[in-house]
Amino acid sequence: MEAYIAEYLEYLRTKKHRSANTLAAYKQDLLRFALFLQNSGICRLDKITETSCSLFLLALEGEGKSPASVQRKLTALRSFFDFLIRRGYMKEDPTELLPSIHLAERECIPLSAEDQKKLLAQPDRASWKGKRDYALLLLLACAGLQPSELVSLRLPDLFLKNGLLTARSESRERNIRLMPETVAALEDYLSLRRAEAAEVFVSRSGEAMSRQAVWKLVRGYGERAGRPGLNPQQLRKQ
């Protein structure tokens, strides 16, 4: 199973240009599934059934995993099996008839114009980190990027002279026109960016930022702006 997972991850890296964070998440989820199969005595692809997949998801729920976490793993499995089928390794997707996990909607109070102004005033734009964070917040609040799109954003996806960028997620690709202020903020940040990673937004160590880091960053600036508990979705729902 590990060999198929490695081949799939290489496909995502070279053909789909997925970010390092996405690859790490898929690897973790799929290796967890492989371990579950091994412990269940299943070592061949043609022995993976709808029942074994369902039992894996039930085991995750029994461990207290959130519905969102279980759904992400189901999505990873479906993508993996689709790859195996297209490569001729499997004939049918054992997750095809499994229902998606129901995710209860949470109340999401959007950010007012005044609150947005306070939030964008928080980063110290005299520092490298502040320049990065300001550009990041503008992309969330004004360009409407999702956290997954943000951390997957690569340098070749930026067309700043034309005021455009290409945002990618697992399910879609879209071109977004940027406000002049956002273009200027990105140029300001990139002029000081020093990293080998292809991703636009990196940590101090030069590694690509994770979705968790983006959420933590937004929460931190939200608290300083008087909006504790702020999340990226609220920035996008104006």
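Residue numbers here run from 1 along each chain, matching the order of that chain's written sequence. Given that the model is predicted, a residue must reach a pLDDT of at least 70 before its local features are reported, and side-chain atom pairs must reach 80 or more before they are shown or counted; all residues, however, enter totals for whole chains, interfaces and linings. For the side-chain quantities, the full set of heavy atoms in the structure was used; hydrogens and water were omitted.

Draft legend 1. Quick look at the overall build of the protein chain. The secondary structure content of the protein chain amounts to ten helices and three strands. Secondary structure elements are defined from DSSP: runs of H or I of at least 4 residues count as helices, runs of E of at least 2 residues count as strands, and each element is numbered from the N terminus. Each helix (α) and strand (β) of the protein chain, taken in turn from the N terminus, gives the series α-α-α-α-α-α-α-β-β-β-α-α-α. Judged by the C-alpha coordinates and their principal axes, the protein chain covers about 60 × 35 × 30 Å. Relative to its 238 residues, the protein chain shows a buried fraction of 44%. Note on contacts: a residue pair is in contact if any heavy atoms of the two residues lie within 4.5 Å. Restricting the contact set of the protein chain to residue pairs at least 6 apart, pairs at least 24 apart contribute 60%. Working definition of accessibility: Shrake-Rupley area with a 1.4 Å probe, residue cover restricted to the visible protein chains. Put simply, the protein chain shows about 13,300 Å² of open surface, and 49% of that area lies on carbon and sulfur atoms. Under the convention used here, Asp and Glu are negative, Lys and Arg are positive, and both His and the chain ends fall outside the count. Lysine's charge is taken at NZ, arginine's at CZ, aspartate's at CG and glutamate's at CD. Seen as two clouds, the 38 positive and the 29 negative side-chain charges of the protein chain have centres 3 Å apart. Burial status follows relative accessibility: with a 1.4 Å probe on protein chains alone, a residue under 20% of its type maximum counts as buried, one over 50% as exposed, and anything between as partly exposed.

Draft legend 2. Region of interest: the sheet that holds strand E3 (residues 173–177). The strand order across the open sheet built from three strands is E1-E2-E3, with neighbouring strands paired in antiparallel fashion. In this open sheet, the two strands that pair with only one neighbour each are strand E1 (158–159) and E3. By the bridge criterion, five bridges tie strand E2 (residues 164–168) to E3 in an arrangement that is antiparallel. Paired with Ala 167 across the strands is Arg 174, a residue of E3. A pair of strands counts as paired when DSSP detects no fewer than two bridges linking them.

Draft legend 3. How the structure looks around the pattern of salt bridges. Criterion for a salt bridge: a side-chain nitrogen of Lys or Arg within 4 Å of a carboxyl oxygen of Asp or Glu. Scanning the entire structure with this criterion turns up 14 salt bridges. Notably, a salt bridge pairs Arg 44 with Asp 46, separated by 2.5 Å at the nearest N-O pair. A residue is classified by how much of its surface remains accessible, and Asp 46, at 54% relative accessible area, is exposed. Where Arg 227 meets Asp 115, a salt bridge forms, and the shortest distance between an N and an O atom there is 3.0 Å. Here Asp 115 lies in helix H5 (residues 113–120) and Arg 227 lies in the loop between helix H9 (211–224) and helix H10 (232–236), a separation of 112 residues in the sequence. Residue classification places Arg 227 among the buried positions, given a relative accessible area of 17%.

Draft legend 4. Summary view of H9. The first and last C-alpha atoms of H9 sit 20 Å apart over 14 residues, in line with the 20 Å expected at 1.5 Å per residue. Looking at H9, one finds that the buried residues are Val 214, Leu 217, Val 218, Tyr 221 and Gly 222. Down the axis of H9, the buried side of the element spans an arc of 130°, and every buried residue falls inside it. Along H9, the residues that are exposed and aim more than 90 degrees away from the buried face are Gln 212, Lys 216, Glu 223 and Arg 224. The span expected for a helix works out to 1.5 Å for each residue beyond the first. Arc definition: it is the arc formed by the directions from the helix axis to the C-beta atoms.

Draft legend 5. Seen up close, the environment of Gly 226. Assignment of secondary structure puts Gly 226 in the loop between H9 and H10. Distance in space between the C-alpha atoms of Gly 226 and Asp 82 is 45 Å, their sequence separation being 144 residues.

Draft legend 6. Spotlight on the packing of helix H6 (residues 128–141) against H9. Comment: axis = line fitted to C-alpha atoms, over the contacting stretch for helices; angle = value between 0 and 180 degrees taken between N-to-C directions. In contact at an axis separation of 11 Å, H6 and H9 are set at 95° when each is read in the N-to-C sense. Judged by the inter-axis angle, H6 sits roughly perpendicular to H9. In this structure, H6 uses Lys 129, Arg 132, Asp 133, Leu 136, Leu 137 and Leu 140 to contact H9, whose residues at the interface are Val 214, Leu 217, Val 218 and Tyr 221. Here the nonpolar group is Ala, Val, Leu, Ile, Met, Phe, Trp, Tyr, Cys and Pro; Asp, Glu, Lys and Arg are the charged ones; every other residue, Gly included, is treated as polar. Along the lines of polarity and charge, the residues of the contact of H6 with H9 split into seven nonpolar, no polar and three charged. For classification purposes, angles smaller than 35 degrees are called roughly parallel, those larger than 145 roughly antiparallel, those between 65 and 115 roughly perpendicular, and all remaining angles oblique.

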